[in-house]
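# Residue-level structural notes
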Amino acid sequence: MRTVISVICLAMLLLDEAHSAQGRYAQMLLNDLMENYSNALRPVEDTDKALNVTLQITLSQIKDMDERNQVLIAYLWIRQTWHDTYLKWNKEDYDGLEVIRIPSSLVWRPDLVLYNKADDDFSGPMDTNVVLRYNGEIIWDAPAITKSACVVDVAYFPFDSQECNLTFGSWTYNGNQVDITMAMNGGDLSDFVENVEWECHGMPATKNVIMYGCCSDPYPDITYTVLLQRRSSFYIFNLLLPCFLISFLAPLGFYLPADSGEKVSLGVTVLLALTVFQLMVAESMPPSESVPLIGKYYIATMTMITASTALSIFIMNIHFCGAEAKPVPHWAKVLIIDYMSKIFFVYEVGENCTSSSPSSHQDDFHHQNLNAHTQANGKPRSHSKQDEQQRRKYPRPQTPKPQRHPRVKTQHHITKEESNHLSGYAPGKYEGPNGNITVGDCCKEDQKVPCCPEDVKPPCCPEDQKPPAPGPNVTFGACALCSHGNGIPGVDAKLVRNVEYIANCFREQRVTCAKVAEWKKVAKVMDRFFMWIFFVMVFLMSILIMGRAP
């Protein structure tokens, strides 16, 4: 046991002595090498020969890409290798010592700089130690944070790819004095740290020999091209997707009812929202003639929303056409109301795919009322002889033409006798000397004044027909009163004229309402038409613009 411990102690003592001996030889070697050495001169024996410097670049990280200032900030490891003729030794003379590490300031170093540097600080790589071998080979590894000028092309932003160059070369030595060679065909990406915004797809290198105008000697340089691809997911979810969703609000503005009063407000709000996004993109892009792809998309969307807002104002003007507007032209009725309304499924209240107008139900209801007032054998009830005598005794007065003046409220209280007498005139079919006369032959909606034959007992107008109510019927139609006004005791001509005026006012009001309703339907059909047109435009515009991305 004691023997083992003694052997271990002896080994440790020999090892410490060896290290101390190697350190002593290293100090002696350094003193010998630096005795007559000068780091100011190029270390070659023949000054006519060029010194070969091998350059290797390792890309560690992309710190930032400033598109607006067009600057690439990268973290690099720069390795330079060359041979120094004056720093060689025989390793046997120094106890087999092959490698020593000394400060880089003690030896000659090539003045390689980054040609396209965009930093105010022109200091070179960090002053780290160099590795010196016995055959004179020097390896200098130094980290550096470089700011290089990079021409940024944002034509396809945010689906763009950039190519940034890093050009290294000697600043004072020409190609006949210092020749630069590449250690690899490109930059080393084995230790690359992934960037959140950019993907590095490679770093190829090329050697260039340039003849400058100032000098006749060649100047070699090595250019490393950093191939970068932007990660577009961030911009898709924060810039493109909101714009795409906002652009779909422009067609929906046509679906908004005109009576809500928010059609123009919606278009202006969407336009302001897109303007904010456009300013955000413009702040991050460099001022150049090349408009980014997303900028083109914003401009196209804003143009479309401006057009939709202008069309909404035009359609609202059509929608709110009042009584003073002209009737809808015939071509508009045929094209828009008859055909386009069916294509775009625009129906009024009570309409559906099978019935184009709700008036058919009213016509059926009117026919039912007419049939209800006829007798069981199909013939209408005949009037009494006394009524015929009264009609001959009191001729029908002339009907005055309705005048365009404000409506006058006229009230007349009908007595019980008049009420009983008027109840005898029931709507239906009436017999005349020329045959049966129906309701449609007597009063029509487009006639301002009732047209009743002299020897025919006219019925009430169709618009005054209602389901019979319990109790005595009071028929207060214009036709009945204009024909039998003087045949009814207690009913004077003034009452007849007032009733005719009221009936004509109601007819004019119905015509005006029908005209306004037609214009509103035209506006509604145009809204639906432009809504689908703009939906297709938004879809095609998104495909055409985004499809241009590489």
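These remarks concern the structure in this document. It should be emphasised that the depicted structure is a prediction, and the values quoted were computed from it without experimental measurement.

## Observations concerning the overall build of the protein chain
Each helix and strand counted, the protein chain has 12 helices and 13 strands in total. Taken across its 550 residues, the protein chain has 38% of its residues classed as buried. Summarising the internal contacts of the protein chain: among those between residues at least 6 apart in sequence, 78% fall at separations of at least 24. Accessible area of the protein chain: about 32000 Å², with a carbon and sulfur share of 57%.

## A few points about the nonpolar core
One recurring pattern in soluble globular proteins is that nonpolar side chains are buried together. Counting 94 residues, the largest nonpolar core has Leu55, Leu59, Phe168, Tyr224 and Tyr298 as the members making the most contacts within it. A total of 12 residues in this core trace back to one element, the largest contributor, which is helix 12 (residues 493–546). The residues contacting Leu55, other than those within four sequence positions of it, are Ile78, Arg79, Gln80, Leu112, Phe168, Ile180, Thr181, Met182, Ala183, Ile222 and Tyr224.

## Re the packing of aromatic side chains
Within the structure shown, the criterion is met by 14 aromatic pairs. With a centroid separation of 6.3 Å and an interplanar angle of 75°, the aromatic rings of Phe168 and Tyr224 are classed as edge-to-face. Residue Phe168 is located in strand 7 (residues 161–170), and its partner Tyr224 is located in strand 11 (residues 218–230); the two are separated by 56 residues in the primary sequence. The burial state of Phe168 is the same as that of Tyr224; both residues are buried. On the numbers, 6.4 Å between centres and 45° between planes, the contact of Phe277 with Tyr298 is tilted. With Phe277 in helix 4 (residues 263–284) and Tyr298 in helix 5 (residues 293–319), this pair connects stretches of sequence that are 21 residues apart.

## Regarding unusual backbone geometry
Negative phi characterises most residues that are not glycine, and trans characterises most peptide bonds. Pro158 follows Phe157 through a cis peptide bond whose omega is 5°. Tracing the backbone shows Pro158 in the loop between strand 6 (137–149) and strand 7. In this structure, Gln70 is a non-glycine residue whose phi angle is positive, near 55°. Its location among the elements puts Gln70 in the loop between strand 1 (51–66) and strand 2 (71–83). Positive phi, normally seen in glycine, also occurs at Asp95, with a value near 60°.

## Quick notes on the pattern of salt bridges
In this structure the tally under the stated criterion is 12 salt bridges. With a shortest N-O distance of 3.2 Å, Glu98 and Lys91 are connected by a salt bridge. Linking Asp527 and Lys263 is a salt bridge whose minimum nitrogen-to-oxygen distance equals 3.7 Å. Here Lys263 lies in helix 4 and Asp527 lies in helix 12, a separation of 264 residues in the sequence. We note that Asp527, like Lys263, is buried. Salt bridges here are not isolated pairs; linked through shared partners, they connect Glu67, Asp160, Glu197 and Arg230.

Conventions and cut-offs
Residues numbered from 1 in each chain as written. Predicted model: local features only at pLDDT ≥ 70, side-chain atom pairs only at ≥ 80, totals over all residues. Heavy atoms only, no water. Helix = DSSP H or I, 4+ residues; strand = E, 2+ residues; numbered from the N terminus. Buried < 20%, exposed > 50% of the residue type's maximum accessible area, 1.4 Å probe, protein only. Contact = heavy atoms within 4.5 Å. Areas by Shrake-Rupley, 256 points an atom, 1.4 Å probe, with all protein chains shown as cover. Core = buried A, V, L, I, M, F, W, Y, C linked by side-chain atoms within 4.5 Å. Phe/Tyr/Trp six-rings, centres within 6.5 Å; stacked < 30°, edge-to-face > 60°. Salt bridge = Lys/Arg side-chain N within 4 Å of Asp/Glu carboxyl O.

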